[in-house]
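Geometric and topological summary
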Amino acid sequence: MRIAIASDHAAFALKAVLADWLHGEGHDVLDLGPGSDARVDYPDFGFALARTVAAGEAERGVALCGSGIGISIAVNRHPAARCALVDNPYAATLARQHNDANVVALGARLIGEDMAKACVAAFLATAFEGGRHAARIDKLGQPPFVKDPA
């Protein structure tokens, strides 16, 4: 599988660990940066990751920043991106099964390397269930908002 990965400076070290690990697992890894731990702005890298996954240049994406929150918000600004911030493998599994997430986000300051690998492994190994979830996912791509339920 071709996996795109991007981070900010706070998650640069974890990005390097995960990119090496993914490559060792047999994946084609597209590292979108940054190339060092020098200060950068996470939206730039989140937007690049979202564009890459949405364009089909990678099947899935891994987004990293200090908390995972900022970069997940940046990725989710793209209507074709469904980025889920997770901190455990079960959440990563549900993000794929129920939400057809195509990007997983992790907080480098909040999660260790082993747990990060476990989350990414679950994310990559899980298929979207479809069924009752498919219509909900279709609504996510409809700008700007779906019908008010009230």
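Computed from a predicted structure; not experimentally measured.

As a further point, take the overall build of the chain. Scanning the chain from N- to C-terminus turns up 6 helices and 5 strands. When the helices and strands of the chain are listed from N to C terminus, the series reads β-α-β-α-β-α-β-α-β-α-α. For 150 residues, the compact-globule estimate of 2.2 N^0.38 gives 15 Å, and the C-alpha radius of gyration of the chain, at 15 Å, lies within 12% of that figure. Overall, the chain is about 45 × 30 × 30 Å in size when its C-alpha atoms are taken along their principal axes. Per-residue burial for the chain yields a buried fraction of 43% across its 150 residues. Considering only contacts within the chain whose residues lie at least 6 apart along the sequence, 69% involve residues at least 24 apart. Carbon and sulfur atoms provide 53% of the accessible area of the chain, an area that totals close to 7,700 Å². Taking the average location of the 14 positive side-chain charges in the chain and that of its 17 negative ones, the two points are 8 Å from each other.

For the rest of this paragraph, the subject is the environment of aspartate 28. Note that aspartate 28 resides in strand E2 (residues 28–31). As for aspartate 28 and alanine 4, which are separated by 24 residues in sequence, their C-alpha atoms are 8.5 Å apart. The residues contacting aspartate 28, other than those within four sequence positions of it, are Met1, Arg2 and Ile3. One polar contact links aspartate 28 to arginine 2, side chain to side chain, over a distance of 3.0 Å.

As for its position among the elements, methionine 115 is in helix H5 (residues 113–125). Taking the C-alpha atoms as reference points, methionine 115 and aspartate 87, 28 residues apart in sequence, are found 7.6 Å from one another. The residues touching methionine 115, leaving out its near neighbours within four places in the chain, are Asp87, Asn88 and Pro89.

Rules and cut-offs
Residues numbered from 1 in each chain as written. Predicted model: local features only at pLDDT ≥ 70, side-chain atom pairs only at ≥ 80, totals over all residues. Heavy atoms only, no water. Helix = DSSP H or I, 4+ residues; strand = E, 2+ residues; numbered from the N terminus. Rg over C-alpha atoms; globule rule 2.2 N^0.38 Å. Buried < 20%, exposed > 50% of the residue type's maximum accessible area, 1.4 Å probe, protein only. Contact = heavy atoms within 4.5 Å. Areas by Shrake-Rupley, 256 points an atom, 1.4 Å probe, with all protein chains shown as cover. Lys, Arg positive; Asp, Glu negative; His and termini not counted. Charge placed at Lys NZ, Arg CZ, Asp CG, Glu CD. Polar contact = N/O pair within 3.5 Å; in protein donor to acceptor, adjacent residues only side chain to side chain.

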